[in-house]
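Each chain is listed here by its residues.
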Amino acid sequence: DEEQQNTPEQQWLRENSYKYGYILRYPPDKSDLTGINFETWHYRYVGRYHATRIYESGLCLEEYTEKYGESDFLFAGGVMSNVIIKNRLKLKGEH
């Protein structure tokens, strides 16, 4: 919600959560890629390494796994969403 988005706590989270391994899971400008509308409260733990790379690149998790590969993400100890895996299978024409 817009009111929560503008709180000092939320702004701190958006600027610092990656330092602790968390990413904003559904950013406001990525709903066409994630399939989910922006959720200001929804953070996901992916580990500090991946969170930093995602934060610095401005990519959402779907873009990141597409660019760097799901296997690299899983191998490095990240957390993979079943939604991402299902979406990848749909894109490849598998069910």
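The structure we're discussing is the one just above.
The sections below set out a description of the structure shown in this document. Counting restarts for each chain: residues are numbered from 1 in the order of the written sequence. A pLDDT threshold of at least 70 governs which residues receive local features in this predicted model, and a stricter bar of 80 or more applies before side-chain atom pairs are shown or counted, although totals over entire chains, interfaces and linings include all residues. Computation of side-chain values: all heavy atoms of the structure, hydrogens and water removed.

1. Some words on helix H4 (residues 48-57)
Part 1 of the reasoning: Among the residues of H4, His-50, Ala-51 and Ile-54 are the ones counted as buried. The buried residues of H4 occupy an angular sector of 100 degrees when projected down its axis, which confines them to one face. Among the exposed residues of H4, those pointing more than 90 degrees away from its buried face are Arg-48, Tyr-49 and Glu-56. Only protein chains enter the accessibility calculation, which uses a 1.4 Å probe; a residue is then buried when its area is under 20% of its type maximum, exposed when over 50%, and partly exposed in between. To qualify as a helix, a DSSP run of H or I must reach at least 4 residues; to qualify as a strand, a run of E must reach at least 2; elements of each kind are numbered from the N terminus. The directions from the helix axis to the C-beta atoms are what the arc is built from.

2. Quick word on a nonpolar patch on the surface
Part 1 of the reasoning: Taken together, Trp-12, Leu-13, Tyr-20, Tyr-22 and Tyr-45 make up a surface patch of nonpolar side chains, about 530 Å² in accessible area.
Part 2 of the reasoning: Structurally, Trp-12 can be placed in helix H2 (residues 8-16). Two joining distances apply to patches: 9 Å for like charges and 5 Å for nonpolar side chains (Val, Leu, Ile, Met, Phe, Trp, Tyr), and every residue must have over 30% relative accessible area and no salt bridge. In short, Shrake-Rupley with a 1.4 Å probe defines the accessible areas, and a residue's cover is counted only from the protein chains shown. Think of a salt bridge as a Lys or Arg side-chain nitrogen and an Asp or Glu carboxyl oxygen that are within 4 Å of each other.

3. A short note on the side chain of Thr-34
Part 1 of the reasoning: Relative to the assigned elements, Thr-34 resides in helix H3 (residues 31-34).
Part 2 of the reasoning: The contact definition used throughout considers only heavy atoms, calling two residues in contact when any of these lie within 4.5 Å. Non-local contacts of Thr-34, meaning those with residues more than four positions away in its chain, are made with Arg-25, Tyr-26, Cys-60 and Glu-62.

4. A few points about helix H5 (residues 61-68)
Part 1 of the reasoning: Where H5 is concerned, the buried positions are Leu-61, Glu-62, Tyr-64 and Thr-65. Seen end-on, H5 carries its buried residues on one side only, within an arc spanning 165 degrees. Exposed and facing more than 90 degrees away from the buried side of H5 are Glu-66 and Lys-67.
Part 2 of the reasoning: Just downstream of H5, Gly-69 is the residue with a positive phi angle, here 90 degrees.

5. Here's the deal with the layout of surface pockets
A water-sized probe, rolled over the atoms, reveals where empty space remains.
Part 1 of the reasoning: As a volume, the largest pocket reaches approximately 300 Å³.
Part 2 of the reasoning: Cavity means a closed set of points on a 1 Å grid over the protein atoms alone, one where a 1.4 Å probe fits but cannot get out, pocket means an open set with protein on both sides within 12 Å along at least 5 of 7 lines, and lining means a residue has an atom within 4 Å of a point. Leu-24, Pro-27, Ile-54, Tyr-55 and Leu-59 are, among the 18 residues lining the largest pocket, the residues nearest its centre.
Part 3 of the reasoning: Elements supplying a minimum of two residues to the lining of the largest pocket: strand S1 (22-24) and H4.
Part 4 of the reasoning: Note that Gly is not counted as nonpolar here; it falls among the polar residues with everything else outside the nonpolar set of Ala, Val, Leu, Ile, Met, Phe, Trp, Tyr, Cys and Pro and the charged set of Asp, Glu, Lys and Arg. The residue makeup of the lining of the largest pocket, split by class, is 13 nonpolar, two polar and three charged. Grid points are joined across faces, edges and corners, and a volume is the space filled by probe spheres set on the points.

6. Focus on the environment of His-42
Part 1 of the reasoning: Its location among the elements puts His-42 in the loop between H3 and strand S2 (43-45).
Part 2 of the reasoning: When the C-alpha atoms of His-42 and Leu-24 are compared, they prove to be 6.1 Å apart, with 18 residues separating the residues in sequence.
Part 3 of the reasoning: If sequence neighbours within four positions are ignored, His-42 has contacts with Ile-23, Leu-24, Arg-25 and Tyr-26.
Part 4 of the reasoning: Only 2.6 Å separates the side chain of His-42 from the side chain of Glu-39, close enough to count as a polar contact. Polar contacts, as used here, are pairs of N or O atoms within 3.5 Å; protein pairs need one atom able to donate a hydrogen and one able to accept it. Residues neighboring in sequence count only if both atoms are side-chain atoms.

7. So, the environment of Tyr-18
Part 1 of the reasoning: With respect to the element layout, Tyr-18 can be found in the loop between H2 and S1.
Part 2 of the reasoning: Accessibility expressed as a relative area gives 16% for Tyr-18, which makes it buried.
Part 3 of the reasoning: Remark: the alpha-carbon pair of Tyr-18 and Gly-47, spanning 29 residues in sequence, is separated by 8.2 Å.
Part 4 of the reasoning: Leave out the neighbours within four places in its chain, and Tyr-18 touches Arg-48, Ala-51, Thr-52 and Tyr-55.

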